[in-house]
Amino acid sequence: MRPPASKRGRGAAPVALSARLAAHVTLEARPNGTVAACFDGHSLALGEVSAGAADRAQALRTGLPLHALASSRRSIDKEVDGLVRRLARHGLLEYCLGRSRDGAAQVVIEPQVPDYWPRTPLLGNSDVLVLSRFAYMRRRGDDMVLESPRAGALFKICDARVATALAALAAPQAVKQLRRQDAFPGLELLALLLDCQILFKVDPARDSGPRVAEGDDNLVLWDFHDLLFHVRSSEGRHANPLGGVYAYADIMPPPPAVRPRWPGKAIALDEFASRGQSQPLSPAAKLLRERHSTRSFDDRRPITATELARFLDATARVHSRFEDRFDDASPAVEYAVRPYPSAGGSYELELYLAVDACDGLARGFYHYDADAHALMPIAAPAQELEAQLRGAQFAMGAPAVPQILITIAARFGRVSWKYSSIAFSLILKDAGVLMQTFYLMAADMGLGGCAIGIANLELFAKMTGVAFHVEGPVGQFALGRAAPSTASDR
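Note that the structure is a prediction, hence the values are computed from the model and not measured. The residue numbering used here restarts from 1 in each chain and proceeds along that chain's sequence as written. Thresholds applied to this predicted model are a pLDDT of at least 70 for local features of residues and 80 or more for the giving and counting of side-chain atom pairs; totals over whole chains, interfaces and linings are not thresholded and use all residues. Just so you know, side-chain values use all the structure's heavy atoms and leave hydrogens and water out.

**Q** Can you walk me through the packing of helix H8 (residues 224-232) against helix H14 (residues 423-445) in this structure?
**A** Axes are the key here: two packed helices are described by the angle between their axes and the distance separating the axes. Here, axes are lines fitted to C-alpha atoms. For helices the fit covers the stretch in contact, and angles between N-to-C directions go from 0 to 180 degrees. Numbered from the N terminus, helices here are DSSP runs of H or I no shorter than four residues, and strands are runs of E no shorter than two. Across the interface, H8 lies against H14 with an axial gap of 8 Å and an inter-helix angle of 40°. For the element pair H8 / H14, the angle class is oblique. Residue-level contacts link Asp226, Phe229 and His230 of H8 to Ala423, Phe424 and Leu428 of H14. Just so you know the grouping, Ala, Val, Leu, Ile, Met, Phe, Trp, Tyr, Cys and Pro go in nonpolar, Asp, Glu, Lys and Arg go in charged, and all remaining residues, Gly too, go in polar. Among the residues forming the contact of H8 with H14, the class breakdown is four nonpolar, one polar and one charged. The scheme is simple: roughly parallel for angles under 35 degrees, roughly antiparallel for over 145, roughly perpendicular for 65 to 115, oblique for anything else. Residues count as neighbours in contact if any of their non-hydrogen atoms are within 4.5 Å of one another.

**Q** I would appreciate a short explanation of empty space enclosed by the protein in the present structure.
**A** Remark: the empty space left among the atoms is shown by a probe the size of a water molecule rolled over them. Using a 1 Å grid laid over the protein atoms alone, points where a 1.4 Å probe fits but cannot get out form a cavity; open sets with protein on both sides within 12 Å along at least 5 of 7 lines form a pocket; any residue with an atom within 4 Å of a point counts as lining. Grid points are joined across faces, edges and corners, and a volume is the space filled by probe spheres set on the points. Taken as a whole, this structure holds one cavity of 30 Å³ or more when the rule is applied. In this structure, the largest cavity encloses a volume near 40 Å³. Lining of the largest cavity is provided by Leu221, Trp222, Asp226, Phe412, Ser416, Ala423, Phe424 and Ile427. When residues in the lining of the largest cavity are grouped by element, the largest group, three residues, is from H14. Class assignment for the residues of the lining of the largest cavity results in six nonpolar, one polar and one charged.

**Q** So what exactly am I meant to see when it comes to the environment of His230 here?
**A** Structurally, the position occupied by His230 is in helix H8. For the pair His230 and Pro473, spaced 243 residues apart in sequence, the C-alpha separation works out to 9.2 Å. Beyond its immediate chain neighbours, meaning those up to four positions away, His230 contacts Trp222, Phe412, Phe424, Leu457, Phe468 and Pro473. At 3.3 Å, the side chain of His230 forms a polar contact with the backbone oxygen of Phe468. We define a polar contact as two N or O atoms separated by no more than 3.5 Å, with the added condition that, inside protein, one atom must be a possible hydrogen donor and the other a possible acceptor, whereas residues neighbouring each other in sequence contribute only through side-chain atom pairs.

**Q** What is the right way to read the pattern of salt bridges from this model?
**A** Between side chains of opposite charge, pairing is possible as soon as their charged atoms come close. Only one rule defines a salt bridge in this text: a Lys or Arg side-chain nitrogen within 4 Å of an Asp or Glu carboxyl oxygen. The tally for this structure, following the rule as stated, stands at 22 salt bridges. With its nearest N and O atoms 2.9 Å apart, the salt bridge here joins Arg140 to Glu110. Of the two residues, Arg140 is situated in strand E9 (residues 136-140) and Glu110 in strand E7 (residues 105-111); the sequence distance between them amounts to 30 residues. Burial classes: relative accessible area under 20% of the type maximum marks a residue as buried, over 50% as exposed, and values in between as partly exposed (1.4 Å probe, protein chains only). According to the relative accessible area criterion, Arg140 is partly exposed, its value standing at 26%. Classification of Glu110 as buried rests on a relative accessible area of 16%. A salt bridge links Arg310 to Asp444, with the shortest nitrogen-to-oxygen separation between them at 3.6 Å.

**Q** Before we go on, may I ask you to explain the nonpolar core in this structure?
**A** A general tendency of soluble globular proteins is for nonpolar side chains to be buried together. Membership of the largest hydrophobic core comes to 57 residues, with the highest contact counts inside it found for Leu87, Tyr95 and Phe155. Ranked by residues supplied to this core, first place goes to helix H7 (residues 187-195) with six residues. Among all residues touching Phe155, those that are not within four sequence positions of it are Val107, Val108, Ile109, Met144, Val145, Leu146, Leu189, Leu192, Leu193, Cys196 and Ile198. We define a nonpolar core as any set of buried Ala, Val, Leu, Ile, Met, Phe, Trp, Tyr and Cys residues linked to one another through side-chain atoms lying within 4.5 Å. The next biggest cluster of nonpolar side chains, apart from the first, holds 47 residues, and it includes Phe311, Ala343, Tyr347 and Leu434.

**Q** How should I be thinking about the state of the cysteines in this particular structure?
**A** A covalent bond between the sulfur atoms of two cysteines is referred to as a disulfide. Criterion for a disulfide: a pair of cysteine sulfur atoms at a distance within 2.5 Å. For the structure on display, the rule yields zero disulfides. With no disulfide of its own, Cys96 lies 7.7 Å from the sulfur of Cys158, the closest cysteine sulfur.

**Q** So what exactly am I meant to see when it comes to the pairing of strand E21 (residues 471-480) here?
**A** Every regular strand shows the same layout, with side chains that alternate between the two sheet faces. Of all 10 residues in E21, 10 are buried; the element is thus mostly enclosed. Bridge count for strand E19 (residues 404-411) against E21 is eight bridges, and the pairing is antiparallel. Each residue of the ladder has a partner; that of Ile404, found in E21, is Leu479. Should DSSP find at least two bridges between two strands, the strands are taken to pair. Relative to E21, strand E20 (residues 448-452) runs antiparallel, the two sharing five bridges. Counterpart to Ile452 in the pairing with E21 is Gln476.

**Q** Can you help me understand the packing of aromatic side chains in this one?
**A** Where two aromatic rings form a pair, the distance of their centres and the angle of their planes describe that pair. Working definition: a ring pair exists when centres of Phe, Tyr or Trp rings (six-membered ring for Trp) sit within 6.5 Å. Plane angles under 30 degrees give stacked, over 60 give edge-to-face, the rest tilted. Under the counting rule described, the total for this entry stands at 15 aromatic pairs. Taking the centre distance of 5.3 Å and the plane angle of 80° together, the rings of Phe229 and Phe424 count as edge-to-face. With Phe229 in helix H8 and Phe424 in helix H14, this pair connects stretches of sequence that are 195 residues apart. With relative accessibility at 3%, the residue Phe424 sits in the buried group. Geometrically, a lysine NZ or arginine CZ counts as sitting over a ring once it is within 6 Å of the ring centre and also within 35 degrees of the ring normal. Here the guanidinium or amino end of Arg85 rests over the ring plane of Trp117, the centre of that ring lying 4.1 Å away.

This is the structure in structure tokens:
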């Protein structure tokens, strides 16, 4: 016996998608007719709106239905719609999906990228949906959240029945079958999850099961944990606290700089050195002692193109190329050896230079062709170049942008084609090795450098036009001529 229509979702109250201010954001209407968003001690001007629109916008504290704004012809609603979209572009909104009869939210959608806007692509009864292999549900405080490193938003599940219904999508199911279920979550939610790539469509006639590629062949090479680590440990694709926030300063004291000594009698190594003839430090040992981070650069004497060419030649240029096979039946694998060691000889790291000041080189964005030892200009917009340089300045806590910012990007598939479970870990190790190589060469040339452990995935993708999971940043290095008064940090 089939359940009544109301339990199948046909007679259920319509689902309303509303926008509301994030918990830490307030709107302030000012006497001059402008509106500002206030958050974390900052104020963001949103432009001038009419008094009626300002009053209407206050509904964003509790939730403002988006369909009412989109379908309205009233000038006030059009003003508010523009204001809402400006707030969305700055990541200051969240969205509630719930039944309009009681106003209770089934799901709260939290943007993870600044320009996220909820979209609901059309779904038909014959469409077959399945959860992405990168999707996962977890506890966050007292909440249950559904997310994915591919998604532009996180979904806080407020109704346990919705969580149960979504869990059933671990196996492909047709929309018409889902609609017959008692806990059918609604077409709107399914469409929003499809838009965020938490769900994807499969073709039963062509696919025997959920595709590893999920519509993008480059995803075949990614393990779940590696893609998650890549996204969550970088900037640009999540809204979690990031960097030196001292999250546990009020909970426990900092661990000591030097590990407490193990019990027992110590064997003093200085005694062995004193028995032999005193030897001066080798050039390599001197460079290791001299290595330090420089965050202030001499604007009056920028690094020269000649120095940059020498630096890149010594640290990253391809020295030789060869082919090898891992067995007689395998395809030939190409190798391109460079000055630093790399896991499995992969040499997956690529260098992109954001140049602010370099004598003999125009300000701009470049890729370093390590094989040809040449710089290839990339036509990135000026505001994106500036954003990348300013981001590095902020990360270093520096007084100005670096003269040259080197972004270390990885061609991920180069490593994951061979290694399983440890691919991204190996890439990060390679990046650390290259950063130390940069430090030693900078010290040898009398230049200043500073490793930066963060980069913005979305910004880099916009500047290069390459998807974040195909080739993306795993670190940055500021390079230039040190200011005379710069003190070494470490």
